[in-house]
Amino acid sequence: MTTTAPVTTGRRAPRDGSPAGPVPGGPRRRPGRLRRTGLPYLLLLPALLLELLVHLVPMVIGVVMSFKELTQYFIRDWGAAPWSGLGNYRVSVDFDGPVGEELLRSFFVTVGFTVLSVALCWLIGTAAAVCMQDTFRGRGLLRALFLVPYALPVYAAVITWVFMFQHDNGLVNHVLHDQLGLTDKPSFWLLGDNAFVALLTVSVWKGWPFAFLIVMAGLQNIPKDLYEAAALDGAGTWQQIRRITLPSLSAVNQVLVLVLFLWTFNDFNTPYVLFGKTAPASADLISVHIYQESFATWNFGRGSAMSVLLLLFLLVVTGVYLAVTSRGRRTARA
């Protein structure tokens, strides 16, 4: 006769006839999947909502405004502004017309300013970071002093430079003309062609400490054994920088250059505080030009169209830059 062993289900029938309950020590029910995966998203929800309100909603409103003839006559009721379609974009990219010609000139000024500023910020920051790698007395104090321009508020730093660039009693003219005698007469630094040099000086002074900070952090990940081995093989300082430091910092420099480019190309605070609402032609950056187009001529629709064009340009440049750098990293690994 064959006997069948009882099947254990992990539940025990109580003696009083109540429903069976789980056996102590048996399998327990795990928390639901929603409970496990939903908590991180729930914690991120306030930040996502804030991002939506601060960035995405104004961006959408700006895109809608670019398709309307929104002038000073419709300030009180933006919804009543007539729909212009692509009219604002046609006027902005018509480089034979006065609006498009001025926008194109401002674009070229911004490109030249951005290239020079980013290059000088990276060069000075990298040189300072490499020099600060060796241990010597006062290194900590110098590092702290180097970061002062980056730590200062933008308005406080730029207003200080405004006083220094004054024609009659500015420190720059006092040093260059009165003390060193390098100029025949005091120069106008906030007017004319010298305005570009003044803007570039302030931008580099304010931006190179950020490059210094990022490169200095990247240098901490390079093993010192590589430099010691290179020194034993007879490599000099420049060869070590060229063969070890720069290749090891390639990933850091790729991100650094992109961030500096976006910050510099979109910089509005520096030229606005330095020159006011109307910048000289030599320092007419596209950010200030769009501001003047919107708030000086009261044509918010055209200014919004220029802003959208600027956004598209930056997206294209960023995408191409990331694609090229990613392909370069894959080629180097292969």
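Residues numbered from 1 in each chain as written. Predicted model: local features only at pLDDT ≥ 70, side-chain atom pairs only at ≥ 80, totals over all residues. Heavy atoms only, no water.

Draft legend 1. Highlighting the overall build of the protein chain. In terms of regular secondary structure, the protein chain is built from 14 helices and 2 strands. For the protein chain, the proportion of its 334 residues judged to be buried stands at 32%. Across the protein chain, contacts joining residues at least 24 apart in sequence account for 63% of those joining residues at least 6 apart. Within the structure as shown, the protein chain displays about 21800 Å² of accessible surface, and the carbon and sulfur contribution to it stands at 65%. (Helix = DSSP H or I, 4+ residues; strand = E, 2+ residues; numbered from the N terminus. Buried < 20%, exposed > 50% of the residue type's maximum accessible area, 1.4 Å probe, protein only. Contact = heavy atoms within 4.5 Å. Areas by Shrake-Rupley, 256 points an atom, 1.4 Å probe, with all protein chains shown as cover.)

Draft legend 2. Up close: the packing of aromatic side chains. Counting across every chain of the model gives 22 aromatic pairs. A ring pair is formed by Trp-298 and Phe-300, whose centres lie 6.0 Å apart and whose planes are at 75 degrees; its orientation type is edge-to-face. (Phe/Tyr/Trp six-rings, centres within 6.5 Å; stacked < 30°, edge-to-face > 60°.)

Draft legend 3. Molecular detail of the nonpolar core. In terms of nonpolar packing, the biggest core is built from 40 residues, with Phe-165, Leu-199, Phe-212, Leu-260, Leu-274 and Phe-275 touching the most fellow members. Breaking this core down by element, the ones donating at least two residues are α3 (98–131), α6 (154–164), α8 (194–219), α11 (250–265) and α12 (269–275). In terms of residues, this core owes the most to one element, α8, which gives 13 residues. With residues up to four places along the chain from it excluded, the contact list for Leu-199 reads Phe-113, Thr-270, Pro-271, Leu-274, Phe-275, Ala-283 and Leu-285. Counting 9 residues, the second-largest nonpolar core is a separate cluster that includes Phe-261, Phe-265, Ile-286 and Ile-290. (Core = buried A, V, L, I, M, F, W, Y, C linked by side-chain atoms within 4.5 Å.)

Draft legend 4. Spatial organisation of the side chain of Asp-267. Mapped onto the elements, Asp-267 comes out in the loop between α11 and α12. Looking at Asp-267, its side chain comes within polar contact range of the main-chain nitrogen of Asn-269, at 3.4 Å. In contact with Asp-267, not counting residues within four places along its chain, are Lys-206, Leu-285 and Ser-287. (Polar contact = N/O pair within 3.5 Å; in protein donor to acceptor, adjacent residues only side chain to side chain.)

Draft legend 5. Fine view of unusual backbone geometry. Phi at Trp-298 takes a positive value of approximately 60 degrees, unusual for a residue other than glycine. With respect to the secondary-structure elements, Trp-298 resides in the loop between α13 (286–295) and α14 (300–333). We classify Trp-298 as partly exposed; its relative accessible area is 41%.

Draft legend 6. Spotlight on the environment of Pro-186. When you line up the elements, Pro-186 lands in the loop between α7 (171–179) and α8. Distance from Pro-186 to His-174, taken between C-alpha atoms, is 8.0 Å for residues 12 residues apart in sequence.

Draft legend 7. Here's a closer look at the layout of surface pockets. Estimated volume of the largest pocket: approximately 720 Å³. If you tally residues by element for the lining of the largest pocket, the top one is α14, at 8 residues. Looking at the lining of the largest pocket residue by residue, the classes come out as 15 nonpolar, 8 polar and no charged. Counted as a void, the second largest pocket has a volume near 500 Å³. (1 Å grid on protein atoms, 1.4 Å probe; cavity = no way out; pocket = protein on both sides within 12 Å on 5 of 7 lines; lining within 4 Å. Points joined across faces, edges and corners; volume = space filled by probe spheres on them. Nonpolar A, V, L, I, M, F, W, Y, C, P; charged D, E, K, R; others polar.)

Draft legend 8. View of the pattern of salt bridges. For the coordinates displayed, the defined rule picks out 3 salt bridges. Residue Arg-105 is joined to Glu-102 by a salt bridge in which the shortest nitrogen-to-oxygen separation is 2.8 Å. Taken as a pair, Arg-105 and Glu-102 lie in helix α3 at a separation of 3 residues, close to a single helical turn. By relative accessible area, Arg-105 is classed as partly exposed at 27%. According to the relative accessible area criterion, Glu-102 is partly exposed, its value standing at 36%. Salt bridges here are not isolated pairs; linked through shared partners, they connect Glu-102, Arg-105 and Asp-284. (Salt bridge = Lys/Arg side-chain N within 4 Å of Asp/Glu carboxyl O.)

Draft legend 9. Region of interest: the environment of Ala-283. The topology assignment puts Ala-283 in the loop between α12 and α13. Owing to a relative accessible area of 0%, Ala-283 belongs among the buried residues under this scheme. As for Ala-283 and Asp-193, which are separated by 90 residues in sequence, their C-alpha atoms are 8.0 Å apart. Aside from chain neighbours lying at most four places away, what touches Ala-283 is Val-109, Ala-195, Phe-196, Leu-199 and Phe-275.

Draft legend 10. Structural detail: the environment of Pro-280. Tracing the backbone through its elements, the reader meets Pro-280 in the loop between α12 and α13. C-alpha of Pro-280 to C-alpha of Leu-190: the two residues are 90 residues apart in sequence and 7.9 Å apart in space. Ignoring anything within four residues of it in the chain, the contact list for Pro-280 reads Leu-190, Leu-191, Gly-192, Ala-195 and Phe-275.

Draft legend 11. Local environment of the side chain of Lys-68. Residue placement: Lys-68 occurs in the loop between α1 (33–65) and α2 (87–93). Buried and unpaired, Lys-68 has no salt bridge, with Asp-77 as the nearest side chain of opposite charge at 7.7 Å. Each residue touching Lys-68, except ones within four places of it in the same chain, is listed here: Trp-78, Gly-79, Ala-81, Pro-82, Trp-83, Ser-84, Asn-88 and Gly-301. (Lys, Arg positive; Asp, Glu negative; His and termini not counted.)

Draft legend 12. Summary view of the confidence of the model for the protein chain. Across the protein chain, the average pLDDT comes to 85, with 88% of residues at 70 or higher. The least confident element of the protein chain, judged by mean pLDDT, is strand β1 (residues 11–12) at 50; the most confident is α3 at 94. A low-confidence stretch, residues 1–5 stays under pLDDT 50, and its non-local contacts, those more than four residues away or across chains, total 0 contacts. (pLDDT = per-residue confidence, 0-100.)

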